[in-house]
Amino acid sequence: MGNHMFDAIRAAAKPDARFVESPDGRCWSYSDMLGASARIAGALEKLSVRPGDRVAVQAEKSPEVLMLYIACLRAGAVYLPLNTAYTLAELDYFISDAEPRLVVVSPAARETVGELAGRYGAHVETLDASGSGSLMDLASDQPPDFTDAECGPDDLAAILYTSGTTGRSKGAMLTHDNLLSNALALRDYWRFTSEDRLIHALPIFHTHGLFVASNVVLLSGASMIFLPKFDADEVLRLLPRASVLMGVPTFYVRLVQHRELTRETVGRMRLFISGSAPLLAETHEAFRRRTGHAILERYGMTETNMNTSNPYDGERIADTVGFPLPGVELRVTEPETGVPLRDGETGMIEVRGPNVFKGYWRMPEKTEAEFRSDGFFITGDLGKIDERGYVHIVGRGKDLIISGGYNVYPKEIETEIDRLDGVVESAVIGIPHPDFGEGVAAVVVREKGSTLEERMILQGLRDRLARYKQPKAVVFVDELPRNAMGKVQKNVLRERYGKVLEAAFAAGST
Ligand SMILES: Nc1ncnc2c1ncn2[C@@H]1O[C@H](COP(=O)(O)OP(=O)(O)OP(=O)(O)O)[C@@H](O)[C@H]1O
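Cut-offs and rules
Residues numbered from 1 in each chain as written. Predicted model: local features only at pLDDT ≥ 70, side-chain atom pairs only at ≥ 80, totals over all residues. Heavy atoms only, no water. Helix = DSSP H or I, 4+ residues; strand = E, 2+ residues; numbered from the N terminus. Rg over C-alpha atoms; globule rule 2.2 N^0.38 Å. Buried < 20%, exposed > 50% of the residue type's maximum accessible area, 1.4 Å probe, protein only. Contact = heavy atoms within 4.5 Å. Areas by Shrake-Rupley, 256 points an atom, 1.4 Å probe, with all protein chains shown as cover. Lys, Arg positive; Asp, Glu negative; His and termini not counted. Charge placed at Lys NZ, Arg CZ, Asp CG, Glu CD. 1 Å grid on protein atoms, 1.4 Å probe; cavity = no way out; pocket = protein on both sides within 12 Å on 5 of 7 lines; lining within 4 Å. Points joined across faces, edges and corners; volume = space filled by probe spheres on them. Nonpolar A, V, L, I, M, F, W, Y, C, P; charged D, E, K, R; others polar. Pairing = 2+ DSSP bridges. Axes fitted to C-alpha atoms, helices over the stretch in contact; angles between N-to-C directions. Phe/Tyr/Trp six-rings, centres within 6.5 Å; stacked < 30°, edge-to-face > 60°. Lys NZ or Arg CZ within 6 Å of the ring centre and 35° of its normal. Parallel < 35°, antiparallel > 145°, perpendicular 65-115°, else oblique. Left-handed = near helix turned anticlockwise from the far one by under 90°. Polar contact = N/O pair within 3.5 Å; in protein donor to acceptor, adjacent residues only side chain to side chain. Disulfide = S-S within 2.5 Å. Core = buried A, V, L, I, M, F, W, Y, C linked by side-chain atoms within 4.5 Å. Right-handed = clockwise from strand over helix to strand, strands pointing away.

Enquirer: Any chance you could break down the overall build of the protein for me, citing the residues and the numbers?
Expert: On a plain count of helices and strands, the protein comes out with 15 helices and 25 strands. Scaling as 2.2 N^0.38, a compact globule of 510 residues should have a C-alpha radius of gyration of about 24 Å, and the protein matches this with 23 Å. With the principal axes as the frame, the protein shows a C-alpha extent of 70 × 55 × 45 Å. Within the span of the protein, comprising 510 residues, buried residues form 57% of the whole. When contacts within the protein are restricted to residue pairs at least 6 apart in sequence, those whose partners lie at least 24 apart make up 66%. As presented, the protein carries roughly 21,400 Å² of accessible surface, and 49% of it is formed by carbon and sulfur atoms. Each charge class in the protein can be summarised by its mean position, and for the 58 positive and 70 negative side chains these summaries are 3 Å apart.

Enquirer: Could you give an account of empty space enclosed by the protein, with specific residues and numbers?
Expert: Per the counting criterion, the structure on display carries one cavity of 30 Å³ or more. Within this model, the largest cavity holds a volume of roughly 50 Å³. Surrounding the largest cavity, L179, N182, A183, L186, T207, F211, V212, N215, N305 and M306 form its lining. For the lining of the largest cavity, the per-class residue count stands at six nonpolar, four polar and no charged.

Enquirer: Please give an account of the sheet that holds strand β20 (residues 391-396) that cites residues and values.
Expert: Whether parallel or antiparallel, the strands of a sheet pair through hydrogen bonds between backbone atoms. Taken in spatial order, the four strands of this open sheet run β16-β17-β19-β20, and their pairing is antiparallel. Of all the strands in the sheet, just β16 (329-333) and β20 have a single pairing partner and so form its edges. Direction aside, the axes of adjacent strands within the sheet are offset by 45° on average. The sheet contact formed by strand β19 (residues 377-385) and β20 spans five bridges and is antiparallel. By the bridge assignment for β20, D381 is matched with R396.

Enquirer: Lay out the pairing of strand β23 (residues 423-433) with the relevant residues and their values.
Expert: Across the eleven residues that make up β23, a large majority, nine, are buried. Bridge count between β23 and strand β24 (residues 437-446): ten bridges; the pairing is antiparallel. Along β24, the bridge assignment pairs S426 with V444. Hairpin connection from β23 to β24: three residues lie between these consecutive antiparallel strands.

Enquirer: Go over the packing of aromatic side chains with me, naming the residues and quoting the values.
Expert: Counted under the stated rule, the structure contains 17 aromatic pairs. For the ring pair F94 and Y161, a centre distance of 4.6 Å and an interplane angle of 70° mean the geometry is edge-to-face. On the criterion of sequence distance, the pair formed by F94 in helix α4 (residues 88-98) and Y161 in strand β7 (residues 156-161) is long-range, its members being 67 residues apart. The same class applies to F94 and to Y161, which are both buried. Connected via pairs of aromatic rings, a cluster forms that spans Y86, Y93, F94 and Y161. Here the guanidinium or amino end of K170 rests over the ring plane of Y360, the centre of that ring lying 5.2 Å away. Here the basic side chain of R446 rests over the ring of F476, its NZ or CZ set 3.8 Å away from the ring centre.

Enquirer: Would you mind going over the packing of α4 against helix α5 (residues 110-119) in detail, with residue names and values included?
Expert: The geometry of α4 relative to α5 is characterised by a closest axis approach of 10 Å and an angle of 30° between their N-to-C directions. One finds that α4 runs roughly parallel with respect to α5. In terms of crossing hand, the pair formed by α4 and α5 is right-handed. Note on element contacts: α5 touches α4 through T112, V113, L116, A117 and R119, opposite L88, L91, D92 and I95. Residue composition of the contact of α4 with α5, grouped by class: six nonpolar, one polar and two charged.

Enquirer: So, the side chain of T379: which residues are in play, and what are the values?
Expert: The topology assignment puts T379 in strand β19. Within polar-contact distance, the side chain of T379 engages the backbone nitrogen of D381 at 3.0 Å. Excluding residues within four positions of it along the chain, T379 makes contact with Y299, M301, M348, I349, E350, V351 and K398.

Enquirer: How would you sum up the state of the cysteines? Please name residues and give values.
Expert: Taken as a whole, this structure holds zero disulfides when the rule is applied. Here C72 stays unpaired: no disulfide links it, and the sulfur of C151, its closest cysteine neighbor, is 11 Å away.

Enquirer: Give me the lowdown on the environment of A75, citing residues and values where you can.
Expert: Position of A75 relative to the elements: it lies in helix α3 (residues 63-75). On the basis of relative accessible area, A75 is assigned to the buried category, the value being 6%. The residues touching A75, leaving out its near neighbours within four places in the chain, are A41, L44, P51, F146 and A149.

Enquirer: Provide a residue-level description of the nonpolar core, including the pertinent values.
Expert: Counting residues in each nonpolar core, the largest one holds 114 residues, and the members touching the most others are F19, M33, L44, L68, Y69, W190 and L255. With ten residues, α3 is the single largest residue contributor to this core. Excluding its chain neighbours within four sequence positions, the residues that come into contact with W190 are V212, M246, R270, L271, I273, L296, R298, S309 and Y312. Counting 23 residues, the second-largest nonpolar core is a separate cluster that includes A56, L82, Y86 and V105.

Enquirer: So what's going on with the sheet that holds strand β1 (residues 18-21)? Which residues, and what values?
Expert: What the nine strands build is an open sheet, ordered β2-β1-β10-β9-β11-β12-β13-β14-β15; its pairing is mixed. Every interior strand has two partners, whereas the edge strands, β2 (27-29) and β15 (323-324), have only one. Taken together, the three bridges between strand β9 (residues 197-200) and strand β11 (residues 244-247) define a ladder with parallel strand orientation. Bridge pairing links I199 to L245 in β11.

Enquirer: Summarise the pairing of β11; cite the residues concerned and give the values.
Expert: A two-sided burial pattern is seen for β11, the buried positions comprising V244 and M246 on one face and L245 and G247 on the other. For β11 and strand β12 (residues 271-274), the ladder comprises four bridges, and the chain directions are parallel. Following the sheet pairing, L245 is matched in β12 by F272. Crossover handedness for the path β11 to helix α10 (residues 249-256) to β12: right-handed.

In short, shape yes, function no, at least from these values alone.
Have a look at this one:
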């Protein structure tokens, strides 16, 4: 049977070629990767990690963490990356839910997390090669070859907890073939070859940086420059040495603001990709004006890997996420019944294919509720397919406000607010309201120097939105809080401004 994912990685590896380099000049070739991952897999075995066991990892981004991910594939363990921002209380939830055999953390967290992990029967290790008995120390005593665990297409490779942007995080179970089929589809769709060098500035605890970026590079025998985080100056400095950038929309917003972004700096680049959150059409246009490149936007999620992409050769259209990837079926349905709608009609986006996860970890009811009987996964995203076949995301079904019994989709209102003069961007949230259950409220970022006031916004929306959709209160802020993937954190907005907005409702500010 072999090892479904790792055999493909091994087959694509060119031993002498560069695989990953860090900005401090450290470099790993593909043969270094094969050796390091074998040694770590040997260490995992020594620590009694058996196929199917979970290995939870909360560690700063580094090539070593990537080697650990590959080692888990080889050992048949289930890799479980955790956001480095998670607190001890949050870790408690993930560790109690996933019951990992091993938890790998940074040296500073060893003691505190060790105590917590011990309560759930997990062992704790650190990744630093300090000579003080870390996982890396144990790995350095292991041979550079390893008998890979037998893993079929349907065996679990990873559990990724959803970001929790819209609710409690759930563990999405991803199989070897979920990862492999998607990485191969993306490699071919985006024309990756061993000549490519990717600027990798994304976190690696999320599907985007871990699977989309790293797996595509691995499976094309390409190389990447591994940055600890996004820094516009650093990325601009590296652009002349690279061919592809994968980013979240915030990267592109920052790059466009940078004086040094010119056609010359991007002269050797062949592709700029964006995803994980909506890219504003203005950013797409500004980037094209400055560089001559149309950013390629794609759409995916933790549970499904990538679903759609704008084309490599054809027209890349702003505000769309392109076409379903080869092998992925996508339909738009009436959300309640799942009955497919016609092109142009807005409804629930559903997908089916080898990319779609196996289910939520230990949540069979939740899993059942999110699949149709014919195997389509209900993404929770609302969208439509236009007459040319491009998929548009119109909003998130999970991001719904029910005001006075009416369904209000925030994205529709945000789009209208963003059109008003003096507005940079906005977020619309539901806040408890004494009469309507939930009331619509808007959080708005004004352009510098703008004198825009609440009444001007309400005036501007009066003829454009039904009354029940119009915000009942507005607050102005300097910027919207975003998570590491560039998603606006509406839970943070609700916490931060909920009381002020409730008071404004009570005062009947509209
Ligand atoms: N190109 C894109 N344009 C618009 N939205 C996108 C795009 N790419 C991804 N998304 C959004 O990101 C979501 C996937 O994000 P992710 O899997 O990280 O978790 P989340 O949905 O934010 O978290 P949770 O499911 O816990 O609420 C998609 O469902 C979609 O709403």
